[in-house]
Structures are given as C-alpha cells and as structure tokens.
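This is what each chain is made of:
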Amino acid sequence: MASKNDPFQFQEFDEAGDLLEANRDATTISIDDEDVKPQKQSTATGFSSEADTEDPLANDDQAELLSGQKKSPSFWSFEYYQRFFDIETHHVKERIIGSMMPWPRKNFINVYLRRNPDLYGPFWICTTLVFATAISGNISNFLAHKGNRDYKYTPEFRKVTIAATIIFSYAWLVPLAVWGFLLWRNNKMVNLVSYAFMEIVCVYGYSLSIYIPAVVLWILPFNWLSWCTIVVALCLSGSVLVLTFWPAVRDDHPRVMIAFLSVIVLLNILLAVGCKTYFFTIPGNKTVTPTNSTT
Amino acid sequence: MAASEEASRPFAGLSDVSISEDIPVEGDISVPVGPSRRDDEFSTLDEPVKDTIMRDLRAVGNKFIHVLYPKRSSALLRDWDLWGPLLLCVTLALLLQGGAADHEDQGGPQFAEVFVIVWFGSIIITLNSKLLGGTISFFQSLCVLGYCIMPLTVAMVVCRIVLLVSSGVIIFAVRLVVVMASFGWSTFASTAFLADSQPPNRKALVVYPVFLFYFVIAWMVLTYSP
C-alpha cells in the first residue's frame, strides 16, 4: 500500500478492516455491503418481524427473495392486508367464471387461486349479494302485491341488515369451521393437501357469485322459474365446493368424508332456500288479483 | 512507523497552515425572521368571523360547481374538505325521513342508517382503493365520494317535490328517469376524479364499488314513498 506525502493524491485503499487494524473497535462500511438490501426491504414492508433485523448474512435474504417468499409483515399493519388485494381485473373475472363452471378435474384453489388468495372477490361479492337480495326481494314483494289495494309499499330497509348478517356469517364463519375441521383431521392423519384459511374464504366467496344472477331472476313471479334457478345455482356452487374439498378429505375415513361433504352441501342448500323463502314472496300463495277473491 | 503514521493522517501536511490574524472573521449566525409578515399571511385569528365562514363557504360552493361540471381538474382533490359531504349527507338523511311512517319496522332507512351507509360506504371504498394500490389519500377520496352525492341529493329534492303533486305511475316514471340520470352523473363525476389514481389494470376493480355505492343510494332515493 503506497503512501504519498501529498494527501490529495488518489490512493488505493485496502479493505477497511486492514486499514484500521490498530483500532478494532472502529466501525467500517464497505460499498458492496449487502446489509443495505434487507434494510431497504424491511422498511418497505413496514413493521417487519424481529427476525429481519438480526439476520446478519445477506445471502440468506437474497436466497429468500429469489425463492419468492416475502417476509410477512405484522398482522396489524396495512401491508399485511395489501397482499390480499394483489390482483387485477382479469384475475377476478377468471375466478368468477371459474366458480360458475365446475370441471371434474379442476380444483378451484389449484387452478384459479394458485397460492394468491384475494379478499377483494369474497368481500365485494358478498356485499353485492346482500344488496341484490334485499332489493330483489323488495321488488318481488311489490310485484306480488301489485293489484292489492290494501297493500302499501314500503322499502323494507331492515331486510338489508338481516341479509347482511346471514350472508356474511355464511361467507366467514362456515370457512372458519371448515378450516378448523380440516386442521383437526390433518392432525389425526397425514394429508398431502392442506388449504390455508384465506383460500377457503376465497372459495366460499367466489362460490356465492352464481347466486347474484339467480337472485335477480327470482324477481320474476314465476314459481317454476324460481325453483329451476335455485336447483341450477345449488348444483353449480355445490359442485364447486365439493370438487374443491374432495382432495382434502379423499384419504380420510369414508364416513367422515361423506359427512363432511354433505354438511357443506347442506349449508349451501340452507342458505339458498332460506334466502328465497324469507326475502321473496312466493307468487300464488297470496290472493293478489281481485278476480280470485270474487270466484 | 513514519509511513503508517503518514497514511493514517493524510492531512497531516496541513497542520501548520493557519489563518492569518489580519483577516477579520466575523458574521451573524442568526437567521433573520420577519415575525409580523408571517403572522399576517397565515394567522386567521384577527379577521372577522364573517370572512372565515365565507372563505369556507366559497370553497364548498366551488367544489359543488366542480361536481356539476366534472372535468379532470384537481381542485377537488387538492384542497379537500368534509363540510360539503356532511352537509349533503345530513340533507339527504333528513329528506329520506317521514316516509311510510306507520310501519316502524318495514319503513325506509332511519337517519342513522343513511349516515352509516354514506360514511362507512365511503370509508370502505377508500380502503379498497388504497389496498389496491391507489395513490389518492384517504381524506381526498372521502371528499370526492361525498361531494359526488350532490346529484342524488338534487334528485331527492326533485322527487319530494314531484310526490307532493301525486303518486301515480307517470310520476314514478319521472322519478325513475331523474334518479337514473343523477346516479349516472354521480358515478361519472366520481370516477372522473378517482380513476386516474389507479394503475390501468385495476381501474374496473376500483370503479365497481363506487358504482354499487351510488346504486344503493339511488335505490334509497327512488323507493322513498310518502
């Protein structure tokens, strides 16, 4: 290492550690120090977990980055929820269409979600279904009582809260129960397929999307049309759910498997029929036209 | 060693340079601040109350005009305020009262329900837009969504006036047309302000909740029955 008398002449310096051999306590920073990268990443993800700051080796971070695993931000931070909205318009469209057309070999979670469950679809489909149910029920009640002079039209706003309670509890509590059940069975026996809670919520949310056009069709006061649409909607959404959960319980005890799948289908039926009977007036049950009462 | 000593003190050669005492070195470190001039610009404590109120009212009125003629201007976004949305929400909630009063349970929305729908709806849409990666700030979005309720409030006023006359089928058709026109206007006005802040592959995802929000409010306006 050359040292010149002129201090302003450019000199080659060795590694900082060598220069300060006399003084070991001095801190050194070298330009290609890769601690800068994880530092930037941990500030970008907000409240990073404690493991980030104590990771001294840059290679581990780079390997993790390359393998696609991101450091998970804290549950209470905004960024935690942002990764459930990491989708685009065409993704949502594909998922909705995929939930309406079940295919025997295609598992909704594997084909459409691909490890990227989103909260956008379930939340907005549930909200749309709530308002669609309340509004369609209101219209169908009005149409059913149209000729009746004693009937006074009311907007029936209370039904919105009732519909919201029913539909949101179906879309969030049933997946919780399903997830808990699958977790319990996974403890009892080894299973290759296991679903995350968000993926189950996603499947349930998207499977409700077939009911939105069904609910609109229930406005028309034809009994046969209503029951036809119920059956079709039940078949489609029920089969999407069954096909999704079949690989998870396939290796289980046959009785458990049948019980589990039939409970899923039963809850689905209960939701559809319950909504239909509570919110919609069945035409023909009430004497709507004056001519009926005179005969 | 002299060499290593030299290396560790690269500016050692400068140690014998000193400033000549003949050169006067003096100055003032303090930064001159003009306190009276600043207070005149930013302090509004001394102005008459009428000026303060008129300034805010003028800002609110200015934004109403921007909603009426929605161009892609940033006036609504830059100086957000929540007075306009509050005024509109209270007016709408008051106008929605007094309908179908004989059935307590099956009537129209209560005052608090309208408030909840408008404010929580706006907050949820704003959160949705931010989670999808929008660049608009929280209160700016609330401001835009609140101000764009104005066409629907105008439609509500029109509906109530029209319902004073009669309540037949023709009147219903008139109300339907007015409400649909104002719903379209509200949605168009708010997307003109909000859509620019989103990446292009997610625009529909942000616009749809806005559409749903104004649709629900339009439904409440349309189904008001005296």
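Note that the structure is predicted; figures quoted are calculated from it, not measured.

### Focus: the packing of aromatic side chains
Item 1. In this structure the tally under the stated criterion is 22 aromatic pairs over all chains.
Item 2. Their ring planes at 15° and their centres at 6.3 Å tell us that Phe211(B) and Phe215(B) sit as a pair that is stacked. With Phe211(B) and Phe215(B) both in helix 10 (residues 203–222) and four residues apart, this pair spans about one turn of that helix.
Item 3. On the basis of relative accessible area, Phe211(B) is assigned to the partly exposed category, the value being 36%.
Item 4. Judged by its relative accessible area of 36%, Phe215(B) is partly exposed.
Item 5. Within the aromatic cluster, the residues linked to one another by ring pairs are Tyr170(A), Phe181(A), Trp184(A), Tyr195(A), Tyr204(A), Phe245(A) and Phe260(A).
Item 6. Above the plane of the ring of Trp184(A) lies Arg185(A), whose end atom (NZ or CZ) is 5.2 Å from the centre.

### Topic: the confidence of the model for chain B
Residue and element names in this part refer to chain B.
Item 1. On average, chain B scores 81 in pLDDT, and the residues at 70 or more come to 80%.
Item 2. Taken element by element, the predicted model of chain B shows its lowest mean pLDDT in helix 2 (residues 35–42) (55) and its highest in helix 10 (92).
Item 3. Of the two predicted TM-score estimates for the complex, the pTM is 0.73 and the ipTM is 0.74.

### Structural notes on helix 10 (residues 197–207) of chain A
Item 1. Of all 11 residues that make up helix 10 of chain A, 10 are buried, and the element is covered over most of its length.
Item 2. Where helix 10 of chain A is concerned, the buried positions are Met198(A), Glu199(A), Ile200(A), Val201(A), Cys202(A), Val203(A), Tyr204(A), Gly205(A), Tyr206(A) and Ser207(A).

### Details of the nonpolar core
Item 1. In terms of nonpolar packing, the biggest core is built from 106 residues, with Leu182(A), Tyr204(A), Leu208(A), Phe245(A) and Tyr214(B) touching the most fellow members.
Item 2. Apart from the residues lying within four places of it in its own chain, the contact partners of Leu182(A) are Tyr195(A), Ile200(A), Phe245(A), Ala248(A), Val249(A) and Phe260(A).

### A look at the UniProt feature "transmembrane region" (unreviewed entry) in chain A
Residues and elements named next belong to chain A.
Item 1. Under the feature "transmembrane region" (unreviewed entry), the UniProt entry names residues 119–140, 160–184, 196–218, 224–246 and 258–280.
Item 2. Counted over residues 196–218, helix gives 78% and strand 0%. Its end C-alpha atoms are 35 Å apart.
Item 3. With 96% helix and 0% strand, residues 258–280 has its two end C-alpha atoms placed 32 Å apart.

### Focus on a nonpolar patch on the surface
Residue and element names in this part refer to chain A.
Item 1. Taken together, the side chains of Leu217, Leu220, Phe222 and Trp224 present a nonpolar region at the surface, about 420 Å² in accessible area.
Item 2. By the secondary structure assignment, leucine 220 is in the loop between helix 11 (211–217) and helix 12 (223–249).
Item 3. Using a relative accessible area of 38% as the deciding quantity, one classes leucine 220 as partly exposed.

### Quick notes on the interface of chain A and chain B
Item 1. Contacts between the two partners involve 31 residues from chain A and, on the opposite side, 41 residues from chain B.
Item 2. Between chain A and chain B the total buried area reaches about 3,200 Å² when both faces are included, carbon and sulfur atoms providing 65% of it.
Item 3. On the chain A side of the contact with chain B, Trp124(A), Phe157(A) and Arg158(A) bury the most area, a combined 21% of that side's loss.
Item 4. The partner of Arg158(A) in a salt bridge is Glu113(B), and the shortest N-O contact between them spans 3.3 Å.
Item 5. Linking chain A to chain B there are eight residue pairs in polar contact (both at pLDDT 80 or more).
Item 6. Here the side of chain A that touches chain B gets nine residues from one element, more than from any other, and that element is helix 8 (residues 120–144) of chain A.

About the criteria used
Along each chain, numbering runs from 1 in the same order as the chain's sequence is written. Chains carry letters and ligands carry numbers; both start at the beginning, A for chains and 1 for ligands, and go up in the order they are written. Restriction of local features to residues with pLDDT of at least 70 applies here, the model being predicted, together with a cutoff of 80 or more for giving and counting side-chain atom pairs; totals for whole chains, interfaces and linings are based on all residues. Only hydrogens and water are removed before side-chain values are computed, so all heavy atoms of the structure are retained for them. The pairing test for Phe, Tyr and Trp rings, Trp by its six-membered ring, is centres within 6.5 Å, and the orientation test on the planes gives stacked under 30 degrees, edge-to-face over 60, and tilted for anything in between. The way it works is that DSSP assigns letters per residue, a run of H or I at least four long becomes a helix, a run of E at least two long becomes a strand, and they are numbered from the N terminus. Burial classes follow relative accessibility: with a 1.4 Å probe on protein chains only, a residue under 20% of its type's maximum area counts as buried, one over 50% as exposed, and anything between as partly exposed. Counted as over-ring charges are cases with an Arg CZ or a Lys NZ within 6 Å of the ring centre that also lie within 35 degrees of the ring normal. The predictor attaches a confidence to each residue, and that confidence, scored 0 to 100, is pLDDT. To form a nonpolar core, buried Ala, Val, Leu, Ile, Met, Phe, Trp, Tyr and Cys residues must be joined to one another through side-chain atoms within 4.5 Å. Only heavy atoms matter for contacts: two residues are in contact if any of them lie within 4.5 Å across the pair. UniProt positions are given in the numbering used here, feature names are shortened, and annotations may be inferred rather than shown by experiment. Here a patch means residues that are over 30% exposed by relative accessible area and free of salt bridges, tied together within 9 Å if like-charged and within 5 Å if nonpolar (Val, Leu, Ile, Met, Phe, Trp, Tyr). Where accessible areas are quoted, they stem from the Shrake-Rupley method and a 1.4 Å probe; at the residue level, only the protein chains shown are allowed to cover. Think of a salt bridge as a Lys or Arg side-chain nitrogen and an Asp or Glu carboxyl oxygen that are within 4 Å of each other. Two parts placed together each lose some accessible area under a 1.4 Å probe, and the buried area is that loss summed for both. The definition of a polar contact used here is a pair of N or O atoms within 3.5 Å, where within protein one atom must be able to donate a hydrogen and the other to accept one, and adjacent residues in sequence count solely through side-chain atom pairs.

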